[in-house]
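Survey of secondary and tertiary structure
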Amino acid sequence: MIDPALRAAFAEIVGADQVLVEKADVWPYGYDNSRRHSPPDAVVFPHNHEHVARIVRLCNQHGLAMVARGRGTGTVGASVPLRGGVVLAMERMARIVRIDPENRVAVVEPGVTNQDLQDALAPHGFFWPPDPTSAAYCTIGGNLAYNSAGPRAIKYGTPRENTLGLRAVTGAGTEIKTGVYTTKGVVGYDFTRLLIGSEGTLAIITEATLKLTPLPQTKRTLRATYRNIRSAASAVSRLMAQPVTPYVLEFIDGNAIEMIRKYSSVPLPQGAGAMLILEVDGLTAGIDAAVDALVAAAQGDGLIDVVTARTKDEVDALWATRKALSPALRNVAPKKINEDVVVPVANLPDLIDGLDALARRYQIQIINFGHAGNGNIHVNLLVDPDQADQLERAEKCLDEVFSLVLNLNGTLSGEHGVGIEKRPFISRELTPETLQLMKSVKNLFDPAGLLNPDKIFPA
Amino acid sequence: MNGNQSAELQELVRAAAGAKRTLRIIGGGSKNFLGRATSDDDVLNVAGHRGIVSYEPEELVLTARAGTPLAEIESALAERGQMLPFEPPHYGANATLGGTIACNLSGPRRPFAGAARDYVLGTDIINGRGEALHFGGQVMKNVAGYDVSRLMCGAYGTLGVLLSITLKVLPRTAETLTLRHELGSADAIRMMNARAGQPLPITATAYDGATLYTRLEGTATAVQAARRKLGGDVENDPAFWANVREQRHGYFGDARKLWRLSVAPTAASLNLGGKTFIEWNGGLRWLYSDESPEAIRTAARAAGGHAMLFRGGDEGADNFDPLTEPLATLQRNLKSAFDPAGVFNRGRLFTAI
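Heads up: these notes are all about the structure in this document.

So, how was this worked out
Residues numbered from 1 in each chain as written. Chains lettered and ligands numbered in written order. Predicted model: local features only at pLDDT ≥ 70, side-chain atom pairs only at ≥ 80, totals over all residues. Heavy atoms only, no water. Helix = DSSP H or I, 4+ residues; strand = E, 2+ residues; numbered from the N terminus. Rg over C-alpha atoms; globule rule 2.2 N^0.38 Å. Buried < 20%, exposed > 50% of the residue type's maximum accessible area, 1.4 Å probe, protein only. Areas by Shrake-Rupley, 256 points an atom, 1.4 Å probe, with all protein chains shown as cover. Contact = heavy atoms within 4.5 Å. Pairing = 2+ DSSP bridges. Axes fitted to C-alpha atoms, helices over the stretch in contact; angles between N-to-C directions. Buried area = accessible area lost by both parts, 1.4 Å probe. Salt bridge = Lys/Arg side-chain N within 4 Å of Asp/Glu carboxyl O. Polar contact = N/O pair within 3.5 Å; in protein donor to acceptor, adjacent residues only side chain to side chain. Phe/Tyr/Trp six-rings, centres within 6.5 Å; stacked < 30°, edge-to-face > 60°. Lys NZ or Arg CZ within 6 Å of the ring centre and 35° of its normal.

Overview of the overall build of chain B
The helix and strand tally for chain B stands at ten helices and 17 strands. Taking 20 Å as the expected radius of gyration for a compact globule of 353 residues, we find that chain B reaches 21 Å, a close match to that expectation. By residue count, 60% of the 353 residues in chain B fall in the buried class. Carbon and sulfur atoms make up 48% of the accessible area of chain B, which amounts to about 12300 Å² in all.

Section: the overall build of chain A
Scanning chain A for helices and strands turns up 16 helices and 18 strands. Rg of the C-alpha trace for chain A: 23 Å, near the compact-globule value of 23 Å for 459 residues, within the 12% margin. Principal-axis analysis of the C-alpha atoms places the extent of chain A at approximately 70 × 60 × 40 Å. Out of the 459 residues belonging to chain A, those deemed buried represent 61%. Within chain A, contacts between residues at least 6 apart in sequence are counted, and of these 72% link residues at least 24 apart. For chain A, the exposed surface amounts to about 16400 Å²; the carbon and sulfur share of it is 49%.

Considering the sheet that holds strand S8 (residues 161-168) of chain B
Residue and element names in this part refer to chain B. Pairing within the open sheet is antiparallel, and its five strands lie in the order S3-S4-S8-S6-S7. Each end of this open sheet is capped by a strand with a single partner; those strands are strand S3 (52-56) and strand S7 (132-136). Going from strand to strand, the sheet's axes swing by 10° on average, the running direction of each strand aside. Bridge count for strand S6 (residues 120-126) against S8 is six bridges, and the pairing is antiparallel. The residue of S8 that forms the bridge with Val120 is Leu167.

Considerations on the interface of chain A and chain B
Taken residue by residue, the interface counts 82 residues in chain A and 70 residues in chain B. Surface buried jointly by chain A and chain B totals about 6000 Å² across both partners, of which 64% is contributed by carbon and sulfur atoms. Area buried by chain A at its contact with chain B is led by Val187, Tyr189 and Leu437 of chain A, which between them contribute 14% of it. For the pair chain A and chain B, the interface holds five salt bridges. Two residues, Asp190 of chain A and Arg117 of chain B, come together in a salt bridge whose shortest N-O distance is 3.0 Å. For the pair chain A and chain B, the number of links is 16 residue pairs in polar contact (both at pLDDT 80 or more). Looking at the side of chain A that touches chain B, the elements with two or more residues in it are strand S9 (175-179), helix H7 (191-195), helix H8 (229-240), helix H15 (426-429) and helix H16 (432-445) of chain A.

What about the environment of Ala66 of chain B?
For Ala66 of chain B, the position within the fold is in the loop between strand S4 (61-65) and helix H2 (70-79). With sequence-adjacent residues up to four places away left out, Ala66 of chain B is seen in contact with His49, Thr96, Leu97, Gly98, Leu162, Leu163, Ser164 and Ile165 of chain B.

Considerations on the pattern of salt bridges
Using the criterion set out here, one finds 42 salt bridges over all chains in the structure. Here Asp190 of chain A ties to Arg193 of chain A by a salt bridge, and the two come within 2.7 Å at their closest N and O atoms. Of the two residues, Asp190 of chain A and Arg193 of chain A, neither departs from the other in class, the shared state being buried. In this structure, the salt-bridge partner of Arg21 of chain B is Asp42 of chain B, at a minimum N-O distance of 2.8 Å. Of this pair, Arg21 of chain B sits in the loop between helix H1 (6-18) and strand S1 (23-26) while Asp42 of chain B sits in strand S2 (residues 42-45), and the two are 21 residues apart along the sequence. The class for Asp42 of chain B is partly exposed, based on a relative accessible area of 22%. One network of salt bridges, with partners in common, ties together Arg160 and Glu161 of chain A together with Asp147 and Arg150 of chain B.

Observations concerning the packing of aromatic side chains
Within this structure, the stated rule accounts for 19 aromatic pairs over all chains. Here Tyr251 of chain B and Tyr288 of chain B contribute two aromatic rings whose centre-to-centre distance is 5.2 Å and whose plane-to-plane angle is 45°, an arrangement assigned as tilted. With Tyr251 of chain B in the loop between helix H8 (240-245) and strand S14 (257-262) and Tyr288 of chain B in strand S16 (residues 284-289), this pair connects stretches of sequence that are 37 residues apart. For Tyr251 of chain B, a relative accessible area of 6% puts it in the buried group. With centroids separated by 5.6 Å and ring planes inclined at 50°, the aromatic side chains of Phe252 of chain B and Phe277 of chain B adopt a geometry described as tilted. Here Phe252 of chain B, found in the loop between H8 and S14, pairs with Phe277 of chain B, found in strand S15 (residues 275-279); they are 25 residues apart in sequence, far enough to count as distant. On the accessibility criterion, Phe277 of chain B (1% relative accessible area) is buried. Aromatic ring contacts, followed pair by pair, group Phe33, Tyr91, Tyr251, Phe252, Phe277, Trp286, Tyr288 and Phe310 of chain B into a single cluster. Here the guanidinium or amino end of Arg92 of chain A rests over the ring plane of Phe45 of chain A, the centre of that ring lying 3.7 Å away.

Section: the pairing of S9 of chain A
Residue and element names in this part refer to chain A. One ladder, built from five bridges, connects strand S8 (residues 163-170) with S9; its direction is antiparallel. Its bridge partner lying in S9, Val169 is registered against Glu175. The turn joining S8 and S9, which pair antiparallel and follow one another in sequence, is formed by four residues; a positive phi near 95° is taken by Gly173.

Considerations on the side chain of Thr158 of chain A
You can see Thr158 of chain A is positioned in the loop between helix H6 (153-156) and S8. Judged by its relative accessible area of 3%, Thr158 of chain A falls in the buried class. Within the structure, the side chain of Thr158 of chain A is placed 2.7 Å from the side chain of Glu161 of chain A, a separation counted as a polar contact. Sequence-distant contacts of Thr158 of chain A, that is, excluding residues within four places in its chain, are made with Pro130, Asn147, Ala149 and Ala153 of chain A together with Lys141 of chain B.

With respect to the sheet that holds strand S16 (residues 335-342) of chain A
All names here are of chain A. Judged by pairing direction, the sheet is antiparallel, and its seven strands sit side by side in the order S15-S12-S14-S13-S17-S18-S16 without closing on themselves. What marks the edges here is a single partner per strand, and that holds for strand S15 (303-309) and S16. Averaged over all adjacent pairs, the angle separating strand axes in this sheet is 15°, with direction ignored. Relative to strand S18 (residues 376-383), S16 is paired through eight bridges, and the arrangement is antiparallel. Bridge pairing links Asp340 to His378 in S18. Where helix H10 (residues 287-298) meets the sheet, it contacts strand S12 (218-226), strand S14 (274-282) and S15, and its direction lies at approximately 15° from that of S12. Across the face of the sheet, helix H13 (residues 348-362) comes into contact with strand S13 (248-253), S16, strand S17 (365-371) and S18 while running at roughly 160° to S17.

If you want it as structure tokens, here you go:
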């Protein structure tokens with residue numbers, strides 16, 4: 001419970017009804033999608049940049065830990081307030097400040113949801129490329145905090161490539177502006193990209209200037225099925241090495257296909273060991289040529305068939321496979337441990353083979369799918385938490401999954417972040433000197449160590 | 001001082017830090033004119049630390065040592081039908097990858113494909129303590145820890161010595177065509193921006209004061225469709241964009257100071273004395289002018305951007321827009337985190353950095 005004088009001080013900044021302290025009220029702000037939970041002592045709703053700056057300074061005066069939170073869709077516990085303290089709930093800083101179609105720029109507050117932004121941009125003929133699966137609910141602030149990109153990143157890049165500048169308050173309460181409005185310009189060191197992906201440990205973003213992309217004229221969907229993962233991985237390399245870059249290139253492994261076959265009525269070709277779903281966009285005049293180029297690149301050893309959808313019904317039918325996956329997974333196991341590892345595309349077969357071996361050794365079912373174009377694979381360990389030994393086996397298995405990924409020149413996380421969940425593993429990817437340097441960067445922005453403490457770095 | 005191996009370079013840095021001497025990092029020397037002039041005690045030449053470490057065309061990933069000539073990298077990529085997407089200017093035959101990344105130099109394709117730093121996947125560096133550090137990796141998506149690789153881009157060697165760089169590369173486009181339109185400056189700026197807001201296969205724009213040049217790239221059908229839509233005449237000089245990129249175009253080569261202004265793409269003509277060349281859909285304005293630095297910086301700020309003194313003039317003065325507090329303090333402290341004794345390129349970026 002927070003000191004009443006402190007509560008009054010927060011109320012003076014944001015208004016009494018914008019501060020929560022009762023146990024039942026703060027409870028929902030103590031979790032994210034990692035299923036970890038640790039309630040804060042208080043929840044404060046800033047409405048503008050000035051509020052954030054004053055709250056952060058007040059927390060510094062009183063040595064209170066603080067965590068910025070969007071809508072809690074993160075999967076690694078990065079917004080879970082482990083030390084209690086104050087959660088700055090950014091959901092009421094949800095204004096689209098400006099859409100500037102002439103300069104192809106939008107200025108937004110962090111609490112705007114990704115979908116609301118896309119809906120506001122579409123009438124102007126633009127979109128903002130990052131679109132994580134949770135787009136309907138997740139906030140731009142959260143997308144920036146984790147550098148969450150979603151499937152379109154292979155053609156259009158991640159938030160780091162689609163953000164021009166930020167307004168932010170550092171952990172010390174210093175107000176900064178990075179980047180330059182309307183131009184992709186950096187004066188001095190590039191703090192914009194440094195803050196993006198830092199999981200709210202350096203500063204709290206209060207406003208973002210986003211670079212917009214014109215909506216494509218038209219698009220097509222293709223599905224290619226292969227006998228096995230090796231033939232599919234070779235196809236991914238061929239597809240990426242030719243000049244027509246698809247904007248979506250999703251992958252589903254043989255175990256996932258088997259599961260869909262068991263638990264849904266989606267028709268699938270016989271003998272499929274891996275499947276790719278592609279989308280390509282462009283000018284109406286050039287789209288058939290683009291499809292031809294992709295179909296040609298998809299040809300090769302092990303190809304079973306490649307299908308192009310032209311009508312909306314045909315597109316829906318192709319995506320039905322992928323969409324049948326999540327309900328099927330829930331049928332099999334109540335809990336899934338979902339990791340978003342990345343390996344070079346050429347190493348995908350070794351990753352999938354390695355995961356199969358681990359699944360056999362630890363008797364854990366593992367299903368893999370994800371963004372094949374950039375080697376970003378969602379590895380799902382299916383477990384029943386009621387079986388104690390299964391959870392224990394899953395933990396050991398996960399440990400070896402990370403070693404496997406790093407041995408294949410990969411990284412522990414493509415877009416979910418480190419948060420709490422991957423803290424124990426980060427020192428396997430980064431050397432002590434590199435970690436030390438990152439800690440000193442953290443120290444520059446947050447000398448008192450109050451901003452989202454106990455995240456990213458090993459305990 | 002020359003260092004060919006990273007261990008030798010580390011030793012040289014440690015020795016300099018120990019003796020409290022400052023080092024000027026140099027590769028091919030082609031970017032010597034960029035940034036502030038420095039008065040370092042010694043030169044650390046990294047040109048010998050060269051060679052492509054690995055190139056996997058199937059992965060679209062290339063790793064090279066910092067001293068590798070840019071030309072060597074580009075020809076290795078061309079052999080496999082690939083390219084550096086950010087189309088970097090060389091500014092000299094000896095240009096190295098390290099200098100290009102340290103200065104974050106990008107060419108005509110930048111507003112359409114991204115800057116040099118957008119294609120850096122990982123770096124190996126030596127910090128001011130002589131420690132070899134590795135950031136990032138070989139994959140496009142990576143959020144394990146802070147994005148330190150990108151901090152090295154545009155730092156002008158003030159944070160550390162780049163040892164090697166891993167880059168994402170892309171396939172070359174199938175078809176290229178450049179269109180010309182004779183236009184006044186206001187119309188040219190309007191047209192560049194109107195086109196940039198549409199899904200057209202444009203990969204470069206330039207305006208020399210009389211003619212707007214628009215480069216189309218993509219599949220043959222898409223390029224031809226866009227050509228019919230945009231109209232205009234075809235520019236037949238195959239070296240046109242290379243000449244713009246390398247500042248060999250007729251516009252360049254004036255005796256006055258050359259300024260580089262980053263402004264809002266739609267900003268109208270800046271009303272500064274001198275002559276202007278426009279690129280990047282209006283976002284980049286080159287300016288030969290005798291106007292005072294203050295007048296130029298003020299005009300750039302009013303147009304939503306900033307100005308850099310690019311060639312000529314007083315290299316001891318501030319070349320970049322001076323940083324204001326509190327950003328200046330944070331940037332100074334960042335420099336100290338990498339290079340506590342201030343060994344590298346002291347004063348190259350800002351007087352105090």
